[in-house]
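# Secondary and tertiary structure notes
Listed below, chain by chain, are the residues.
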Amino acid sequence: MKCENCTKKECSKNQKNDDTQSTSVDPLSSNDGIEEKDEFHTLANAKILLSDCLACDNCMTSEEGARVFQQNQKELFRILNLNKKCDTSKHKVLAVSICPQSLPYFAAKFNLSVNDAAKRLCGFLKSLGVHYVFDTTIAADFSILESQREFVQRYQRRNQEEHALPMFASACPGWIRYAERVLTNLVTSHICTAKSPQQIMGSLVKGYFARQQNLSPDKIFHVIVAPCYDKKLEALREDFYTALYNSQEVDCVLTSGEIVQIMEQKNVSMKDVTEVAVDSLFDEIKEGDVVRHDGKRSDGYLEHIFKHAAKELFGVDVKEITYKALKNKDFQEVTLEKDGETVLRFAAAYGFRNIQNMVLKMKKGKFLYHFVEVLACPGGCLHGKGQAQTEDGKPDKALLNQMEEVYAAIPVRLPETNVHVQKMYQDWLEGMDSKKVQETLHTKYSAVNQTASNLDIKW
């Protein structure tokens, strides 16, 4: 007997095994060897190319390559299909978390306000069968606050610990991958231990939210919508896995462009979708207007940490930050002077060319910076290769300019002012200095042994 939730038509045929060396995958192929014909069967195959990922083939094992290929629409559709079956034991609660740098892409592309874009994107995802749609800004709040505290502690220990400074930001998975696989111990000990917003969001959804909903973490299927492909690799990290429940904290990452692909293939326009308020992690509360952090195109680690350190270490209230462009617009510095002495020197280094120049200075002992916000994408997270690309793979400059305007217009909210974050520190994390904070919001970055051929990567 079939209930009303069963699929009406089914067909079975043999599936070819995924070729782990292939540069594309079929998002509709099923893991168990059966392809089901349902409401999603008309979607065209989405291709994911390793060239789209900032971590090149030399940095990736064949097993990782195969798992990255599974990070596409196929996984989302598989869960949507399972949720239509009669066997409720296989049903999952589907949660999607959206990165703040993805929203300006949807707003600019469909000529919407960023608040309308967030609500319509939520409406579209829920029309597919998604249960909850979250904003990851709260996870970035935690990441920034922990990074601020760690920098102040490192600065105070700089004369006692060799690797205390400089401190490098840890939010970009492309940069982290490069540091661990190529730069090794020269850099890894200097990376901030605070988890990235994606990693923290995984902990929030499969930890805090799961407990609030009285759900086992493995009963939640957690999808991240992000601006770049490297987030797919980040989701596979071992420290992003809960052994007790055999569950990744992020099960699937889809780029903004892959979401638009689904819309186009289903012949759905954002303007025709019903607006639905974005969900909150807290009971039945809904999110309000979209907010962002300081920073022109990313989460603003440099600006938040600089202002916090200036206040905590030197009693200086910095209202506005003045950037000084050096070799190019993607390598800029910010300094704080007190009594004629430069007491803080920060830099923003975006793109691998600037990262390599930075590392070269470290090797030569000519590195003067206390903190560097390192991002693998030239232009920052807003320019991630998973969005705003033309058909030939080049940046859509006109769209990117619109996205920057949209992002700049979003109101800034300081992470310190988020009352939910402060409450969670006390109620969920057992205080700001607790062991649980270290376990939940921090991780370790360490060198990974590579063969000699993997060390000569050119970016």
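In this report, the structure presented in the accompanying data block is examined. Everything numeric in this text was worked out from a predicted model, so none of it was measured. (Residues numbered from 1 in each chain as written. Predicted model: local features only at pLDDT ≥ 70, side-chain atom pairs only at ≥ 80, totals over all residues. Heavy atoms only, no water.)

## Thoughts on helix H11 (residues 301–314)
Here H11 is 14 residues long and its end C-alpha atoms lie 19 Å apart, about the 20 Å a rise of 1.5 Å per residue gives. Taking burial as the measure, the 14 residues of H11 include 10 buried ones, the bulk of the element. Taken residue by residue, H11 has Tyr 301, Leu 302, Glu 303, His 304, Ile 305, Phe 306, His 308, Ala 309, Ala 310 and Phe 314 as its buried positions. Among the structural elements, helix H5 (137–156), strand E3 (167–168), helix H8 (197–212), strand E9 (331–338), strand E10 (341–350) and strand E11 (371–375) are those in contact with the buried residues of H11. After H11 finishes, the residue Gly 315 shows a positive phi value of roughly 65 degrees. (Helix = DSSP H or I, 4+ residues; strand = E, 2+ residues; numbered from the N terminus. Expected span 1.5 Å × (residues − 1). Buried < 20%, exposed > 50% of the residue type's maximum accessible area, 1.4 Å probe, protein only. Contact = heavy atoms within 4.5 Å.)

## A look at the nonpolar core
Grouped together as the largest cluster of nonpolar side chains are 51 residues, with contacts concentrated most on Phe 151, Phe 168, Trp 175, Leu 344, Met 358, Phe 371 and Val 372. Beyond its immediate sequence surroundings of up to four residues, Phe 168 is in contact with Trp 175, Val 187, His 190, Ile 191, Cys 192, Met 358, Met 362, Phe 367, Phe 371, Val 372 and Val 374. Within the second largest apolar cluster, 45 residues are counted, among which are Ala 108, Met 270, Leu 400 and Ile 410. (Core = buried A, V, L, I, M, F, W, Y, C linked by side-chain atoms within 4.5 Å.)

## Looking at the pattern of salt bridges
Counted by the stated rule, this structure contains 18 salt bridges. Where Asp 433 meets Arg 149, a salt bridge forms, and the shortest distance between an N and an O atom there is 2.4 Å. Remark: Arg 149 occurs in helix H5 and Asp 433 occurs in the loop between helix H14 (419–427) and helix H15 (435–441); sequence separation between them is 284 residues. Its relative accessible area of 70% is what places Asp 433 among the exposed residues. Shared partners join several salt bridges into a network, and the residues in it are Glu 146, Arg 149 and Asp 433. (Salt bridge = Lys/Arg side-chain N within 4 Å of Asp/Glu carboxyl O.)

## A look at the state of the cysteines
In the structure shown here, the tally under the stated rule is zero disulfides. The cysteine Cys 228 is free of any disulfide, with Cys 377 supplying the nearest cysteine sulfur at 5.3 Å. (Disulfide = S-S within 2.5 Å.)

## Describing H14
Looking only at H14, the buried set comprises Val 421, Met 424 and Tyr 425. Buried residues in H14, looked at end-on, bunch into an arc of 105 degrees, giving them a common side. With respect to the buried face of H14, the exposed residues turned more than 90 degrees away are Val 419 and Lys 423. Regarding H14, its N-cap is Asn 418, as a side-chain oxygen of that residue lies 3.0 Å from the backbone nitrogen of His 420 further along. (Arc of directions from axis to C-beta. Polar contact = N/O pair within 3.5 Å; in protein donor to acceptor, adjacent residues only side chain to side chain.)

## Overview of the packing of H5 against H14
Here H5 crosses H14 at 65 degrees, and the two axes come no closer than 10 Å. The pairing of H5 with H14 is recorded here as roughly perpendicular in orientation. By crossing handedness, the relation of H5 to H14 is classed as right-handed. Facing H5, whose interface residues are Ile 138, Asp 141, Phe 142, Leu 145 and Glu 146, H14 presents His 420, Val 421, Gln 422, Met 424 and Tyr 425. For the contact of H5 with H14, the per-class residue count stands at six nonpolar, two polar and two charged. (Axes fitted to C-alpha atoms, helices over the stretch in contact; angles between N-to-C directions. Parallel < 35°, antiparallel > 145°, perpendicular 65-115°, else oblique. Left-handed = near helix turned anticlockwise from the far one by under 90°. Nonpolar A, V, L, I, M, F, W, Y, C, P; charged D, E, K, R; others polar.)

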